[in-house]
Amino acid sequence: MPLARSLSMTSLNGLPQWEDEDLPVEDLLLFEVSWEVTNKVGGIYTVIQTKAKTTADEWGENYFLVGPYFEQNVKTQAEACEPPNPAVKKAMDTMKSQGCQVFFGRWLIEGSPYVLLFDIGSAAWNLDRWKGDFWDASNIGIPFHDREANDAVIFGSLTAWFLKEFDDKPNIIAHFHEWQAGVGLILCRSWKLRVATIFTTHATLLGRYLCAASIDFYNNLDQFDIDKEAGERQIYHRYCMERASVHCAHVFTTVSQITAVEAEHMLKRNPDVVTPNGLNIKKFSAMHEFQNLHSMYKARIQEFIRGHFYGHLDFSLEKTLFFFIAGRYEFSNKGADMFLEALSRLNFLLRVHKTDVTVVVFFIMPAKTNNFNVETLKGQAVRKQLCKSIGEIPDLNKILDRDDITIMKRAIFSTQRHCLPPVTTHNMIDDGNDPILNTIRRIGLFNNRSDRVKVIVHPEFLSSTSPLLPLDYEEFVRGCHLGVFPSYYEPWGYTPAECTVMGIPSVTTNLSGFGCFMQEHVADPAAYGIYIVDRRFRSPDESCNQLTQFLYGFCQQSRRQRIIQRNRTERLSDLLDWRYLGRYYMHARHLALSRTFPDKFEMEPCAPPKTEGFRYPRPSSVPPSPSASQHSSPHHSEAEDEDEDERYDEDEEAERDRQNIKSPFTLGALPQGKKKKHGEYRN
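Numbering of residues starts from 1 in every chain and runs along the sequence as written. Under the rules for a predicted model, residues below a pLDDT of 70 receive no local features and side-chain atom pairs below 80 are neither given nor counted, while totals for whole chains, interfaces and linings still include all residues. Heavy atoms throughout the structure, all of them, feed into the side-chain values; hydrogens and water do not.

A. Structural view of the packing of helix 7 (residues 205-212) against helix 9 (residues 236-248). Between helix 7 and helix 9, the shortest axis-to-axis distance is 9 Å and the interhelical angle comes to 135 degrees. Relative to helix 9, helix 7 is oriented oblique. Across the interface between the two elements, L205, L206 and Y209 of helix 7 pack against R238, Y239 and E242 of helix 9. Grouping the constituent residues of the contact of helix 7 with helix 9 by class yields 4 nonpolar, no polar and 2 charged. Geometry is summarised by axes, namely lines fitted to C-alpha atoms with helices restricted to the contacting stretch, and by angles between N-to-C directions that run from 0 to 180 degrees. Each helix corresponds to a stretch of at least 4 residues labelled H or I by DSSP, and each strand to a stretch of at least 2 residues labelled E; elements are numbered beginning at the N terminus. The cut-offs work like this: below 35 degrees is roughly parallel, past 145 is roughly antiparallel, 65 to 115 is roughly perpendicular, and the gaps in between are oblique. The contact criterion used is simple: two residues touch if any of their non-hydrogen atoms lie within 4.5 Å. Residue classes follow a fixed rule: Ala, Val, Leu, Ile, Met, Phe, Trp, Tyr, Cys and Pro count as nonpolar, while Asp, Glu, Lys and Arg count as charged, and any other residue, Gly among them, counts as polar.

B. Spotlight on the side chain of Q557. With respect to the secondary-structure elements, Q557 resides in the loop between helix 19 (540-556) and helix 20 (559-571). Side chain to side chain, Q557 and Y531 meet in a polar contact 3.4 Å long. A 3.5 Å cut-off defines polar contacts: any pair of N or O atoms within that distance qualifies, except that in protein one atom must be a possible hydrogen donor and the other a possible acceptor, and neighbouring residues in sequence count only when both atoms are side-chain atoms.

C. Focus on the confidence of the model for the chain. The predictor reports its confidence for every residue as pLDDT, a score running from 0 up to 100. Looking at the chain as a whole, the pLDDT averages 85, with 82% of positions reaching at least 70. Of the regions scoring below 50 in pLDDT, residues 1-14 engages in 37 contacts with residues more than four places distant in sequence or in other chains. With pLDDT under 50 throughout, residues 625-646 is counted as low confidence; its partners more than four residues away or in other chains account for 40 contacts.

D. Main features of the packing of helix 6 (residues 182-190) against helix 9. At a minimum axis distance of 9 Å, the contact between helix 6 and helix 9 shows a crossing angle of 50 degrees. Looking at the two axes, helix 6 sits oblique to helix 9. For the crossing formed where helix 6 meets helix 9, the hand is left-handed. For the pair helix 6 and helix 9, the contacting residues are G182, V183, L185, I186 and R189 in the first and M241, A244, S245 and C248 in the second. Residue composition of the contact of helix 6 with helix 9, grouped by class: 6 nonpolar, 2 polar and 1 charged. For a crossing to be left-handed, the near helix must be turned anticlockwise from the far one by less than a right angle; the clockwise case is right-handed.

E. Just the pairing of strand 5 (residues 114-118), in detail. Classification of residues uses two cut-offs on accessible area relative to the type maximum, computed with a 1.4 Å probe and protein chains only: under 20% is buried, over 50% is exposed, and between them is partly exposed. For strand 5, a buried count of 5 out of 5 residues is recorded, marking the element as mostly surrounded by other parts of the structure. Hairpin geometry of strand 4 (residues 102-107) and strand 5 is characterised by an intervening segment of 6 residues between the two adjacent antiparallel strands and by a positive phi of about 100 degrees at G111. One bridge is not enough; two strands pair if DSSP finds at least two bridges between them.

F. Layout of the pattern of salt bridges. One speaks of a salt bridge when a side-chain nitrogen belonging to Lys or Arg is within 4 Å of a carboxyl oxygen belonging to Asp or Glu. Enumeration over the complete set of coordinates arrives at 25 salt bridges. The partner of R449 in a salt bridge is D314, and the shortest N-O contact between them spans 3.3 Å. Taken together, the residues R449 in the loop between helix 15 (435-443) and strand 14 (453-458) and D314 in the loop between helix 11 (289-308) and strand 10 (320-326) connect sequence positions 135 residues apart. In this structure R449 comes out as partly exposed when scored by relative accessible area, which is 40%. Here the salt bridges share partners, and the residues they tie into one network are E341, R345, R442 and D541.

G. Region of the structure containing the sheet that holds strand 11 (residues 358-364). Read across the sheet, 6 strands follow the order 14-11-10-15-16-17 without closing on themselves; strand pairing throughout is parallel. Of all strands in the sheet, those bounded by a partner on one side alone are strand 14 and strand 17 (530-533). Neighbour-to-neighbour, the strand axes of the sheet open up by a mean angle of 25 degrees, direction not taken into account. Running at roughly 145 degrees to strand 16 (residues 506-509), helix 17 (residues 494-501) makes contact with strand 10, strand 15 (482-484), strand 16 and strand 17 of the sheet.

H. Fine view of the sheet that holds strand 3 (residues 78-80). The sheet built from 9 strands is open, its strands ordered 3-4-5-2-1-6-7-8-9 with mixed pairing. Here the strands that pair on one side only, and so sit at the sheet edges, are strand 3 and strand 9 (273-274). Bridge analysis of strand 1 (residues 28-33) against strand 6 (residues 171-177) gives 6 bridges, and the strand direction is parallel. Bridging across to strand 6, V33 finds its partner in F176. Lying on the sheet, helix 3 (residues 86-97) is in contact with strand 1, strand 2 (63-68), strand 4 and strand 5; it crosses strand 4 at an angle near 145 degrees. Along the sheet, helix 21 (residues 578-596) contacts strand 1, strand 6, strand 7 (195-201), strand 8 (251-254) and strand 9; its crossing angle with strand 7, the most-contacted strand, is approximately 140 degrees.

I. Representation of helix 12 (residues 336-352). Helix span is expected to be 1.5 Å times the residue number reduced by one. Taking 1.5 Å per residue, 17 residues should reach 24 Å; helix 12 reaches 24 Å between its end C-alpha atoms and fits that length. Taken residue by residue, helix 12 has A336, M338, F339, L340, A342, L343, L346, N347, L349 and L350 as its buried positions. On its buried face, helix 12 is in contact with strand 10, strand 11, helix 15, strand 14, strand 15 and helix 19. Immediately beyond the C-terminal end of helix 12, within one or two residues, lies K354, with a positive phi of roughly 50 degrees.

J. Expanded view of unusual backbone geometry. The phi dihedral of N139 falls on the positive side, at around 60 degrees, and the residue is not glycine. Note on placement: N139 falls in the loop between helix 4 (127-138) and helix 5 (147-164). Note on N139: relative accessible area 56%, which makes it exposed. We note that K354 has phi near 50 degrees; this positive angle belongs to a residue other than glycine. Take K354: its relative accessible area is 69%, and that puts it in the exposed class.

K. Spotlight on the nonpolar core. By convention a nonpolar core is built from buried Ala, Val, Leu, Ile, Met, Phe, Trp, Tyr and Cys residues, the set being connected through side-chain atoms within 4.5 Å. Core analysis: the largest hydrophobic core is formed by 75 residues, its most contacted members being F31, L158, F162 and F217. Counting residues per element, this core draws most heavily on helix 5, at 10 residues. The next biggest cluster of nonpolar side chains, apart from the first, holds 67 residues, and it includes I305, L340, F362 and F485.

L. Seen up close, the side chain of H177. Its location among the elements puts H177 in strand 6. Look at H177 and you get buried, because its relative accessible area is 1%. Engagement of the side chain of H177 in a polar contact is seen with the side chain of E32, the distance being 2.7 Å. At 3.0 Å, the side chain of H177 and the side chain of H202 are in polar contact.

M. Structural detail: the packing of aromatic side chains. Two aromatic rings from Phe, Tyr or Trp, using only the six-membered ring of Trp, form a pair when their centres are within 6.5 Å; if the ring planes differ by under 30 degrees the pair is stacked, by over 60 it is edge-to-face, and anything between is tilted. Counted under the stated rule, the structure contains 34 aromatic pairs. On the numbers, 6.2 Å between centres and 85 degrees between planes, the contact of W492 with F514 is edge-to-face. Here F514 lies in helix 18 (residues 513-521) and W492 lies in the loop between strand 15 and helix 17, a separation of 22 residues in the sequence. On the accessibility criterion, W492 (4% relative accessible area) is buried. On the accessibility criterion, F514 (0% relative accessible area) is buried. Relative to F601, the ring of F597 lies with its centre 6.3 Å away and its plane at 55 degrees, an arrangement referred to as tilted. As far as the burial class goes, F597 and F601 line up, both buried.

N. View of helix 11. Between the first and last C-alpha of helix 11 there are 29 Å, a value that for 20 residues agrees with the 28 Å anticipated at 1.5 Å per step. Every buried residue of helix 11 is listed here: F290, Q291, L293, H294, Y297, K298, I301, Q302, F304, I305, G307 and H308.

O. Region of the structure containing the environment of L23. Note on placement: L23 falls in the segment before strand 1. Taking relative accessible area as the criterion, L23 reaches 11% and is therefore assigned buried.

P. The environment of T509, seen in detail. Examined against the element boundaries, T509 turns out to sit in strand 16. For T509, a relative accessible area of 0% puts it in the buried group. Each C-alpha atom of the pair T509 and S543 lies 9.6 Å from the other, and the pair is 34 residues apart in sequence. Residues in contact with T509, not counting those within four places in the same chain, are F485, P486, S487, G515, C516, I532, V533 and R535. There is a polar contact of 2.9 Å between the side chain of T509 and the backbone oxygen of S487. Within the structure, the side chain of T509 is placed 3.2 Å from the backbone nitrogen of L511, a separation counted as a polar contact.

Rendered as structure tokens:
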């Protein structure tokens with residue numbers, strides 16, 4: 001079956017070409033196995049969903065995603081069809097004849113890849129036998145009360161059984177994601193199946209648990225008693241499943257350099273390839289279109305602010321900046337603790353310098369609530385009533401009509417408020433023990449009139465159907481000025497990556513995979529709107545001061561500087577395109593085949609591709625980054641803006657970037673003598 005590969009690096013502006021021999025995909029089958037195929041649990045769902053199109057373009061009808069069958073997911077996300085490959089159909093029929101329910105169809109996402117879903121419930125009667133088989137293969141016992149681990153045994157056993165039904169041809173690559181899929185990999189190697197196996201960890205299991213307990217993780221990576229730590233947290237069997245998967249795989253990969261260091265100590269194996277996470281990038285035909293979207297959605301957020309701060313709206317919305325943090329409610333891991341402390345210091349700086357800039361900060365982190373906050377709902381109702389009253393004013397000839405004046409007075413008087421604007425949009429359950437609210441109480445950010453930093457906690461995911469803030473997450477991000485994600489534990493970090501592709505500057509750290517990736521690719525990340533806080537080699541107080549300076553410097557920028565910076569940020573989106581990052585998965589597949597079938601597939605010995613193929617140079621024009629353009633005052637003169645107009649040309653700078661980054665991509669090894677460091681402080 002001839003297959004045209006559409007994976008062309010030349011389609012990306014200025015990115016270096018990468019020469020690699022094409023695999024004979026017509027003689028191969030690629031199975032990608034994950035618990036999150038059509039089943040959204042966490043970030044791995046985003047990885048697999050967004051990568052599917054690039055992989056399907058490369059492999060065509062020889063690419064299959066394997067996952068668990070959940071009826072509610074299949075009804076809305078998949079369409080049944082017949083398998084196009086006779087070998088796949090034969091394996092499915094064999095399993096069905098022995099009582100296993102198998103679904104085959106297309107996943108209704110971009111690329112429409114084939115999916116193969118196993119019904120865990122229909123095969124649960126085999127659990128005890130399969131747990132015995134797994135014990136014989138690995139000496140790992142699974143407790144009966146761990147439902148998730150038991151499901152993983154069933155899912156893995158079904159996957160291995162399915163792969164066992166294939167003959168020697170065609171050759172098979174099976175790529176397993178995370179420990180939930182690892183049982184299938186372990187059984188494949190135990191049964192000596194002729195399958196090239198790849199295992200990817202997106203975050204080590206024990207690493208998540210240790211960081212959630214606020215342990216000084218990165219300073220003690222080489223000092224943990226791994227077995228003891230896993231046992232105390234009652235996840236020893238899960239840890240063993242993960243570690244066995246790592247060591248059984250022909251090729252082991254992880255998503256970032258920082259996670260590679262973690263895996264070396266937690267799982268006792270260095271990754272063969274680092275496979276960064278990407279996104280499907282869609283460019284607008286007009287360069288300025290994403291700037292227009294920013295203006296449009298910023299106006300929608302301003303409407304919400306008018307209602308939320310009614311009676312206290314004594315600041316100019318045109319001089320108001322919107323910052324936000326979003327993600328799982330992990331107070332320390334996501335850096336919410338450091339962000340709040342930095343906001344307190346930022347508020348002090350803005351008040352001392354008597355700036356007219358106001359910062360409104362949103363915390364979009366889901367927590368337990370029981371209803372909307374009454375004051376918040378009232379604020380939106382007052383705003384709508386005021387707009388309605390003003391909108392009903394007749395023409396100028398009747399403007400002095402007594403009834404109209406009465407209506408206007410009532411609307412204006414209704415905006416008076418005798419309490420402070422609420423900090424939360426919802427009524428929190430057990431708000432007395434909520435870490436964000438307790439920190440806000442400690443630092444005193446209660447949305448007073450004198451505060452230049454206002455805080456709004458929105459403890460639910462955003463939705464366009466919300467009566468408060470009717471925006472989807474993407475629309476909300478486009479309307480903000482800065483995303484702030486000072487994470488302590490973040491193996492990759494999709495939130496700052498999503499900001500980047502939408503042209504919104506963001507703050508990240510050198511303990512996140514995204515931050516490390518940008519440091520490798522961009523000579524001066526801050527000039528391109530990526531502010532990287534050093535949480536690895538600085539004390540917590542120093543890191544917090546650095547974050548405060550980033551935020552304060554951003555507040556000092558003029559409107560034009562922010563526009564320039566958004567243009568530069570959006571240009572980095574090519575770096576995060578799967579059409580570029582897919583090369584690392586391609587390399588991992590080549591490596592797995594050469595190790596499994598050395599007589600059929602050869603690969604020249606070389607170091608695995610590093611994620612730094614090139615580096616974006618520092619912009620030659622005056623950068624808008626705070627580190628290089630701080631002024632003694634947040635105000636800028638007209639002369640400065642005029643001079644800036646003359647010195648900055650967006651098209652010229654973009655073309656210069658494209659020319660500068662066209663350097664050859666090399667598969668060089670790490671420089672001699674360069675050692676990994678684990679940090680000096682717990683942040």
